[in-house]
Amino acid sequence: MENVKATKKNSIKTGIILTYIRLAVYLVIAVVYPPYLLQKVGEADNGLYTFAVSVSALLLLLSFGIESSYVRFATVSEEKNGEEGLKKTNGFYLIAFIMIGLLVMIVGTLIAFFYRDGVLYLKDGGPEIRSKLFALVLITTLAASSDFIMSLFSWFAYYRSRFAWEQGIILFSHLLTTGLTALALYLGGDIIWVAWIGMLAQFVMDVANVIYSLGFLKMKFAWMKPAEWKPYLKEILVFSVWIFFVVAFTQINAYLGKTVLGVMVDAGKTVTVFTYGFQFYAYESLMSQGISNNFSPKINALVVEHKDKEVASLWLRASKLQMVVLFCVVGGFLTCGLDFVSYWLRKSQLDAANFEQIYYIGAAMLILWLIPMSETVGIEAQRAYNKHRFLAIFNLSCALVSVGIAILAVYFLPPELKVYGPLIGMAFSIVAGMIVASNIYYKKAMNFPVGHFFASFGILLGITTVAWLVPFVIFTYVVHFPSGMNGYVSTIIKALVFLAIYLPLIAVYYRKEIHEEILRLKAKKEAKKNAEEIK
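A few points on the structure. (Residues numbered from 1 in each chain as written. Predicted model: local features only at pLDDT ≥ 70, side-chain atom pairs only at ≥ 80, totals over all residues. Heavy atoms only, no water.)

1. Remarks on a nonpolar patch on the surface
Alright, step 1. Together, F172, L180, L183, Y186, L187, L200 and V204 give the surface a local cluster of nonpolar side chains, amounting to about 690 Å² of exposed area.
Alright, step 2. Per-element accounting of the nonpolar patch gives the leading share, four residues, to helix α4 (residues 163–186).
Alright, step 3. Looking at where L180 falls in the secondary structure, it is placed in helix α4.
Alright, step 4. With a relative accessible area of 32%, L180 lands in the partly exposed category. (Patch = residues over 30% accessible without salt bridge, like charges linked within 9 Å, V, L, I, M, F, W, Y side chains within 5 Å. Areas by Shrake-Rupley, 256 points an atom, 1.4 Å probe, with all protein chains shown as cover. Salt bridge = Lys/Arg side-chain N within 4 Å of Asp/Glu carboxyl O. Helix = DSSP H or I, 4+ residues; strand = E, 2+ residues; numbered from the N terminus. Buried < 20%, exposed > 50% of the residue type's maximum accessible area, 1.4 Å probe, protein only.)

So this is what it looks like as structure tokens:
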């Protein structure tokens, strides 16, 4: 048992490390690839592709969140009925995933034809644009459908805590997509080629997950009897409908801006600007999930074992770790983000005003999501305890209201400010639901140490403010870079000044935890040495 616990703990650490290695590769690629894509296909086609991806992603709401229930039900089934219970759960989910995937394909195909034939409204959508959007929606729908069906095998690897494999295959898929897309664009390919290559790379990753789960993890299936099917389906649907509300909330926030702007303003430049700003939130989310996702199996196991105090302690520790990382990201972006964006996209068709819009959208998204992204382990704990119903309903209600607010904001704001309209709606949803209501619920219903969380948050906020303020004052009023200096150089200099202040202050604040971790590692090394001597 101790060996199993040690293996899982090492798996979590490995998963977190590999997540950040993957993120580092993403960031390196992000410096080169997006400007190259924008330069080759233009802002209009780039916006159309982003809009098509948003449409296909929203189709996944048809799953009603059933995919996110797999880890919990696999844990419970194996705990109660052993290997046979797990095999039956795998069989049930395989059938469910196939049915949902086919439904996504059918609905997505209909939507593609509706856009082509003018049934669905698209501002400034001429025949050529509608024809291209038709092809893009078809391709992205096919990709989403096939990916959903085969994602069960990825969930199984995740359930088995194979985080190293998961992170490695995702990184391989990203590198494959980027490399093949860059080659296709160099050879004269257009945005349709980009969509096909994205689907191909996704398919390769999914097939690899299938082979790995079946061949190496020995994933097996069994089929429930008709008498077992109905009550199990009912139990999963009752559980999953609340997850659906959470997924719907997440999807609305993820694709609200692109969809509203694409329909009401234009599916080209405005969507492109918003997407590039929103992209920085995507990296924040990846950093957060890189920590929280690796704790999911452990959270579920602790809940099954009724270790409530350990769950609360794990939530606080993970949240503190997430806060340190995310405050560093937010403060760093505020310090040097505009320099980076301006130089990063300098060869595109966007201008200085667009660069500022991208920076302000990115900064707003990073700040708004800072607290929710520091508490994502709590979402998994809610599901494990089956206590996610209230927040699921409340957050979805806030998200639906935010859609109306975003539409009104885009409609009434002047043309130069319409790109910020979705942020107003999203701000209401995030603050009311993910910050205020969620933390009250964590305190009252789950007895999490919310007070300790916000005490640490306040101190980290002060540290980040100081670390941002010093370079802001220096490079605004004291030191001025030469006009011809490389933008990446000025970005790095500002970032290093921020880190030179932020990291030492963090080390001082967390000196007790750091000291305890060093002692723990020394004790572990000594114990390992003694065990080897005994052998």
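2. With respect to the pattern of salt bridges
Alright, step 1. As enumerated under the stated definition, the model contains four salt bridges in all.
Alright, step 2. Salt-bridge contacts for K494 lead to D339; the nearest nitrogen and oxygen are separated by 3.0 Å. Note that K494 is positioned in helix α16 (residues 487–509) and D339 in helix α9 (residues 308–344), a separation of 155 residues in sequence.
Alright, step 3. You can call K494 buried: its relative accessible area is 14%.

3. Regarding unusual backbone geometry
The phi torsion of most residues other than glycine is negative, and most of the peptide bonds are trans.
Alright, step 1. Of note in this structure, K218 is not a glycine but carries a positive phi near 55°.
Alright, step 2. The phi torsion at N447 lies on the positive side, around 60°, for a residue other than glycine.
Alright, step 3. Position of N447 among the secondary structure elements: in the loop between α14 (421–444) and α15 (450–478).
Alright, step 4. A relative accessible area of 59% places N447 in the exposed class.

4. Observations concerning the environment of F239
Alright, step 1. Mapped onto the fold, F239 is located in helix α6 (residues 226–264).
Alright, step 2. Measuring from C-alpha to C-alpha, the distance between F239 and G65 comes to 9.3 Å, with 174 residues separating the pair along the chain.
Alright, step 3. Leaving out residues up to four positions away in the same chain, F239 has contacts with S69, R72, F73, R383, N386 and H388. (Contact = heavy atoms within 4.5 Å.)

5. Some remarks on the nonpolar core
Alright, step 1. Core analysis: the biggest nonpolar cluster contains 153 residues, and I66, Y70, Y93 and F448 have the highest contact counts within it.
Alright, step 2. If one sorts the elements of this core by residue count, α6 sits on top with 17 residues. (Core = buried A, V, L, I, M, F, W, Y, C linked by side-chain atoms within 4.5 Å.)

6. Re helix α2 (residues 70–116)
Since the α-helix turns once every 3.6 residues, residues separated by three or four places project in the same direction.
Alright, step 1. Here α2 spans only 37 Å end to end across 47 residues, well under the 69 Å set by a 1.5 Å rise per residue.
Alright, step 2. The principal kink in α2, of about 145°, is found at N81.
Alright, step 3. Immediately downstream of α2, the backbone of G118 shows phi near 80°, a positive value. (Expected span 1.5 Å × (residues − 1). Bend = angle between axes of the 7 residues up to and from the residue.)

7. Notes on the packing of aromatic side chains
Alright, step 1. Applying the stated criterion across every chain yields a total of 41 aromatic pairs.
Alright, step 2. Each ring, one from F113 and one from F134, has its centre 4.9 Å from the other, and the planes form 65°; the classification is edge-to-face. With F113 in helix α2 and F134 in helix α3 (residues 127–159), the pair connects residues that are 21 residues apart, well separated along the chain.
Alright, step 3. According to the relative accessible area criterion, F113 is partly exposed, its value standing at 32%.
Alright, step 4. Taking 6.1 Å as the distance between ring centres and 35° as the angle between the ring planes, the aromatic pair formed by F340 and Y488 counts as tilted. (Phe/Tyr/Trp six-rings, centres within 6.5 Å; stacked < 30°, edge-to-face > 60°.)

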